[in-house]
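Structural features, examined
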Amino acid sequence: MGNKDPRIDAYIDKSNAFAKPILIHLRQLIHQAVPEINETIKWSFTAFDYKGPLCTMAAFKEHISFDFWKAELLKDPEKHLQPRKNHGGNAMGHLGKIQSLQDLPPDEIIIAFLLEAKKLNDEQIKLPPKPKKEWIEIPIPEEFTTALQLHKKAQTEFEKFSPSHKREYLHWINEAKTTATRDKRIQTAMEWISEGKSRNWKYEKK
């Protein structure tokens, strides 16, 4: 048998009034479908594990987010599942923006998803690897190249930078709207690069 985590009871108790019946109902369905489920707290959200992560639910100010760990592998002929979105910490889960019990699919649909998710974990079926992002080369402005040639210290330091740090500087300079802005950014870049600083050094943890 699984377990019930008192931290989830506390999480539900602290949630807004509209959220409580939704969270309670989803929790009941999870235990109904997968009696062996283990509750826990991950990433400050309620999480449910069965031979690995199975699903999560989270309460926000005005809606609930519910996610299946292996949503992309679940059969969904009626298109109940939606792509997961995140807007400034306001996640939209695989069941959309849930603001009331009426926003949920029928119980039998949710249970079917849960049973299929359980089967995937039973069979140790893993998510496919995420495709590697295509690396798009950022053009190097001629003025920037010239500036580096005139500032040997900056040129030496720039060559030591990781590809991502180089791209940050090039992107910042390329997005300048005017020649004056570009020139000013190049001048600033020479100063920072000479000191071995990344483009976003002010925001890096010390």
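The structure this text deals with has already been given above.
Since the structure is predicted, the reported quantities are computational estimates derived from the model, not experimental observations. (Residues numbered from 1 in each chain as written. Predicted model: local features only at pLDDT ≥ 70, side-chain atom pairs only at ≥ 80, totals over all residues. Heavy atoms only, no water.)

1. Re the pairing of strand 1 (residues 38-42)
Condition: Strands are labelled as partners when DSSP assigns at least two bridges between them. Secondary structure counts use DSSP, requiring at least four H or I residues in a row for a helix and at least two E residues in a row for a strand, with both numbered from the N terminus.
The sheet contact formed by strand 1 and strand 2 (residues 45-49) spans five bridges and is antiparallel. Looking at strand 2, one finds that Ile-41 is bridged to Thr-46. Where strand 1 hands over to strand 2, the hairpin turn is made up of two residues, of which Trp-43 adopts a positive phi near 55°.

2. So, the nonpolar core
Going by this rule: Only buried residues count toward a nonpolar core. Its members are Ala, Val, Leu, Ile, Met, Phe, Trp, Tyr and Cys residues joined through side-chain atoms within 4.5 Å. Type-normalised accessible area, obtained with a 1.4 Å probe on protein chains alone, sets the label of each residue: buried when under 20%, exposed when over 50%, and partly exposed for intermediate values. Should any heavy atoms of two residues lie within 4.5 Å, those residues are counted as being in contact.
Of all hydrophobic cores here, the largest spans 35 residues; its most connected members are Leu-26, Cys-55, Phe-66, Phe-68 and Leu-114. For this core, the elements supplying multiple residues, two or more each, are helix 1 (6-14), helix 2 (19-33), strand 3 (53-59), strand 4 (64-68) and helix 3 (107-122). With near-sequence residues (within four places) excluded, Phe-66 lies in contact with Leu-26, Ile-30, Cys-55, Thr-56, Met-57, Gly-93, His-94, Leu-95 and Ile-98. Core analysis: the next-biggest nonpolar cluster, separate from the first, contains 15 residues, Phe-158, Tyr-169, Met-190 and Trp-192 among them.

3. A word on helix 6 (residues 163-174)
Stated precisely, the cut-off is as follows: Every helix has an expected span of 1.5 Å times one less than the residues it contains. This arc describes the spread of directions from the helix axis toward the C-beta atoms.
The end-to-end C-alpha separation of helix 6 is 16 Å, in line with the 16 Å expected for 12 residues at 1.5 Å each. Among the residues of helix 6, those classed as buried are Tyr-169, Leu-170, Trp-172 and Ile-173. The buried residues of helix 6 occupy one face: seen down the axis, they fall within an arc of 160°. Looking at the buried positions of helix 6, the neighbouring elements they touch are helix 4 (142-150), helix 5 (152-160) and helix 7 (179-194).

4. Observations regarding helix 4
Within helix 4 the residues assigned to the buried category are Phe-144, Ala-147 and Leu-148. Each buried residue of helix 4 lies within a common arc of 100° when the element is viewed along its axis, so the set occupies one face. Seen from the open side of helix 4, the exposed residues pointing more than 90 degrees away from its buried face are Glu-142 and Leu-150. Considering only its buried residues, helix 4 is in contact with helix 5, helix 6 and helix 7.

5. Side note on the sheet that holds strand 1
Here is the rule we go by: Whenever a helix is involved, its axis is fitted only over the stretch in contact; in every case the axis is a line through C-alpha atoms, and angles between N-to-C directions fall within 0 to 180 degrees.
A sheet is described by the order of its strands in space; here four strands give the open sequence 1-2-3-4, paired in antiparallel fashion. At either end of the open sheet lies a strand with only one pairing partner, and these are strand 1 and strand 4. In this sheet, adjacent strand axes meet at a mean angle of 20° when their direction is disregarded. Pairing of strand 2 with strand 3, which is carried by four bridges, proceeds in the antiparallel orientation. If you follow Thr-46 over to strand 3, its bridge partner there is Met-57.

6. Section: the pairing of strand 3
Taking burial as the measure, the seven residues of strand 3 include five buried ones, the bulk of the element. Following strand 2, the chain reverses through three residues before pairing antiparallel with strand 3; Lys-51 in that reversal takes a positive phi of roughly 55°. Pairing analysis gives five bridges linking strand 3 to strand 4, with the strands arranged antiparallel. Residue Cys-55 lies in a different strand from strand 4, and its bridge partner there is Phe-68. Between strand 3 and strand 4, which pair antiparallel in sequence order, lie four residues.

7. Some points on the layout of surface pockets
So the rule is basically this: A 1.4 Å probe that fits into a set of points on a 1 Å grid over the protein atoms alone but cannot get out defines a cavity; an open set with protein on both sides within 12 Å along at least five of seven lines defines a pocket, and lining residues are those with an atom within 4 Å of a point. Grid points are joined across faces, edges and corners, and a volume is the space filled by probe spheres set on the points. Following the grouping adopted for this structure description, the nonpolar residues are Ala, Val, Leu, Ile, Met, Phe, Trp, Tyr, Cys and Pro, the charged ones are Asp, Glu, Lys and Arg, and the polar ones are all others, Gly among them.
Taken as a whole, the largest pocket spans an internal volume of roughly 390 Å³. Every residue lining the largest pocket is counted, 16 residues in all, and those nearest its centre are Phe-68, Trp-69, Arg-84, His-94 and Leu-127. Of all the secondary structure elements, the ones that give two or more residues to the lining of the largest pocket are strand 3 and strand 4. Classifying every residue of the lining of the largest pocket gives nine nonpolar, two polar and five charged. Of the pockets and cavities examined, the second largest pocket occupies roughly 150 Å³. For the second largest pocket, the full set of lining residues is Ile-140, Phe-144, Thr-145, Leu-148, Gln-149, Gln-155, Phe-158, Glu-159, Lys-166 and Leu-170. Elements that contribute at least two residues to the lining of the second largest pocket include exactly helix 4, helix 5 and helix 6. Among the elements that take part in the lining of the second largest pocket, helix 4 stands out by supplying four residues, more than any other.

Take it as geometry only, folks, not as evidence of what the structure does.
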